[in-house]
Amino acid sequence: MSTDIAAEPGQIAPIVLFPGDPLRAKWIAENFLDDASLYSETRGMLGFTGTWEGHRVSVQGSGMGQPSMAIYATELFTQYDVQTIVRVGSCGALSERLAVRDIIIANGACTDSGINRVRFHGLDYAPVADFSLLRAAVEASEQMPLESAVHVGLLFSSDQFYSTRPELTEPFVQHGALAVEMETSGLYTLAAFHGRRALSICTVSDHIVTGKETTAQEREQTFGDMIEIALRAATA
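Quick caveat: nothing in here was measured; it's all calculated off a predicted structure.

Caption draft 1: Up close: helix H4 (residues 131-143). Here H4 is 13 residues long and its end C-alpha atoms lie 18 Å apart, about the 18 Å a rise of 1.5 Å per residue gives. Residues of H4 that are buried: Leu133, Leu134, Ala136, Ala137, Ala140 and Ser141. Taken down its axis, H4 places every buried residue within 165 degrees of arc, on the same side. Of the residues in H4, the exposed ones pointing more than 90 degrees away from the buried face are Phe131, Glu142 and Gln143. Each element contacted by the buried residues of H4 is listed here: strand S5 (84-93), strand S6 (103-111), strand S7 (150-157), strand S9 (197-207) and helix H8 (224-234).

Caption draft 2: The arrangement of the packing of aromatic side chains in detail. The tally for this structure, following the rule as stated, stands at four aromatic pairs. With a centroid separation of 5.6 Å and an interplanar angle of 75 degrees, the aromatic rings of tryptophan 27 and phenylalanine 32 are classed as edge-to-face. Comparing tryptophan 27 with phenylalanine 32, the two get one shared label, buried. Centroid distance phenylalanine 120 to tyrosine 125: 4.6 Å. Interplanar angle 10 degrees. Geometry classified as stacked. According to the relative accessible area criterion, phenylalanine 120 is partly exposed, its value standing at 25%. The ring of phenylalanine 193 is capped by arginine 119, whose NZ or CZ atom sits 5.3 Å from the centre of that ring.

Caption draft 3: Region of the structure containing the pairing of strand S4 (residues 55-60). Two strands pair when backbone bridges link them, and strand S1 (residues 15-18) and S4 are joined in this way by three bridges, in the parallel orientation. Counterpart to isoleucine 15 in the pairing with S4 is valine 57. With six bridges connecting them, strand S3 (residues 47-52) and S4 associate as antiparallel partners. Note that in S4 the partner of tryptophan 52 across the bridge is histidine 55. Counting the residues that bridge the hairpin from S3 to S4 gives two residues, and of these glutamate 53 lies at a positive phi of roughly 50 degrees.

Caption draft 4: Here's a closer look at the environment of threonine 164. Checked against the element boundaries, threonine 164 lands in the loop between S7 and helix H5 (170-174). Overall, the relative accessible area of 63% leaves threonine 164 in the exposed class. As a C-alpha pair, threonine 164 and glutamate 41 span 123 residues in sequence and 34 Å in three-dimensional space.

Caption draft 5: Structural context of the packing of helix H1 (residues 22-32) against H8. The N-to-C vectors of H1 and H8 enclose an angle of 70 degrees; their axes lie 12 Å apart at closest approach. With respect to H8, the axis of H1 lies roughly perpendicular. Here Trp27, Ile28 and Phe32 of H1 come into contact with H8, specifically with Gly224, Ile227, Glu228 and Leu231. Taken together, the residues of the contact of H1 with H8 break down into five nonpolar, one polar and one charged.

Caption draft 6: Up close: unusual backbone geometry. The phi dihedral of aspartate 81 falls on the positive side, at around 55 degrees, and the residue is not glycine. Along the chain, aspartate 81 turns up in the loop between helix H2 (66-79) and S5. We note that arginine 101 has phi near 85 degrees; this positive angle belongs to a residue other than glycine. Relative to the elements of secondary structure, arginine 101 occurs in the loop between S5 and S6.

Caption draft 7: Spatial organisation of the pattern of salt bridges. Considering all chains together, one arrives at eight salt bridges under this definition. Lysine 26 is paired through a salt bridge with glutamate 30; the nearest N and O atoms lie 2.7 Å apart. Here lysine 26 pairs with glutamate 30, and both are found in helix H1, just four residues apart, close to one helical turn. For aspartate 81, the salt bridge goes to arginine 196, with nearest N and O atoms at 3.7 Å. Of the two residues, aspartate 81 is situated in the loop between H2 and S5 and arginine 196 in the loop between helix H6 (184-194) and S9; the sequence distance between them amounts to 115 residues. Residues participating in the shared-partner salt-bridge network are Arg87, Glu181 and Glu183.

Caption draft 8: Layout of the environment of aspartate 102. Positionally, aspartate 102 belongs in the loop between S5 and S6. Residues aspartate 102 and phenylalanine 48, spaced 54 residues apart in sequence, show a C-alpha to C-alpha distance of 27 Å. The residues touching aspartate 102, leaving out its near neighbours within four places in the chain, are Arg97, Ser148, Ala149, His151, Cys202, Thr203 and Val204. At 3.3 Å, the side chain of aspartate 102 forms a polar contact with the backbone nitrogen of alanine 149.

The rules behind the values
- Residues numbered from 1 in each chain as written.
- Predicted model: local features only at pLDDT ≥ 70, side-chain atom pairs only at ≥ 80, totals over all residues.
- Heavy atoms only, no water.
- Helix = DSSP H or I, 4+ residues; strand = E, 2+ residues; numbered from the N terminus.
- Expected span 1.5 Å × (residues − 1).
- Buried < 20%, exposed > 50% of the residue type's maximum accessible area, 1.4 Å probe, protein only.
- Arc of directions from axis to C-beta.
- Contact = heavy atoms within 4.5 Å.
- Phe/Tyr/Trp six-rings, centres within 6.5 Å; stacked < 30°, edge-to-face > 60°.
- Lys NZ or Arg CZ within 6 Å of the ring centre and 35° of its normal.
- Pairing = 2+ DSSP bridges.
- Axes fitted to C-alpha atoms, helices over the stretch in contact; angles between N-to-C directions.
- Parallel < 35°, antiparallel > 145°, perpendicular 65-115°, else oblique.
- Nonpolar A, V, L, I, M, F, W, Y, C, P; charged D, E, K, R; others polar.
- Salt bridge = Lys/Arg side-chain N within 4 Å of Asp/Glu carboxyl O.
- Polar contact = N/O pair within 3.5 Å; in protein donor to acceptor, adjacent residues only side chain to side chain.

Encoded structure:
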């Protein structure tokens, strides 16, 4: 058993969907997976395993922010031999080109976090998605009848949800960052280090520029298009 997931060996599938919200994990398990069973509720961070179209798939809550995410991703990679993690999260749009409920498939991630600066001795590292997952997600989105637009581009992974320096995001927007969230940069880095596959797919839950937003219940239970893209990509 690992320290923070505490699942038995074999309970977690090689493919894991990775929402931050444990209640979104529960919703995914109940609405997308067949024969889903709970393997962990340690610290309230729920994890389930079931099947999707014959493929064994797990869904594991990661919490908010890179430190929390890194605990769960590291244990999944090192103690449960997980090969593929697809983050299915929410994000805040930074560009007027995006609307609430648009979907972003992240080809890379910028960050204001100090985690990678410590890891790389002050040098800059460019965390990017696994290309096979990225391509499969784009192809899946093109084959689905979606009501919202899909964008491929950069996310900005911030360590602060309530930023006291919002002006610091402006250079990232000027250089192509589409939205802000809190986990992708760390996830892509860990996947590269462990030689595994990772992708982040995020739905715009609120708009930093226009002020439009979804409710907490909508963020938990209505981002189904993102989940289906993730499942199709991870099992392609």
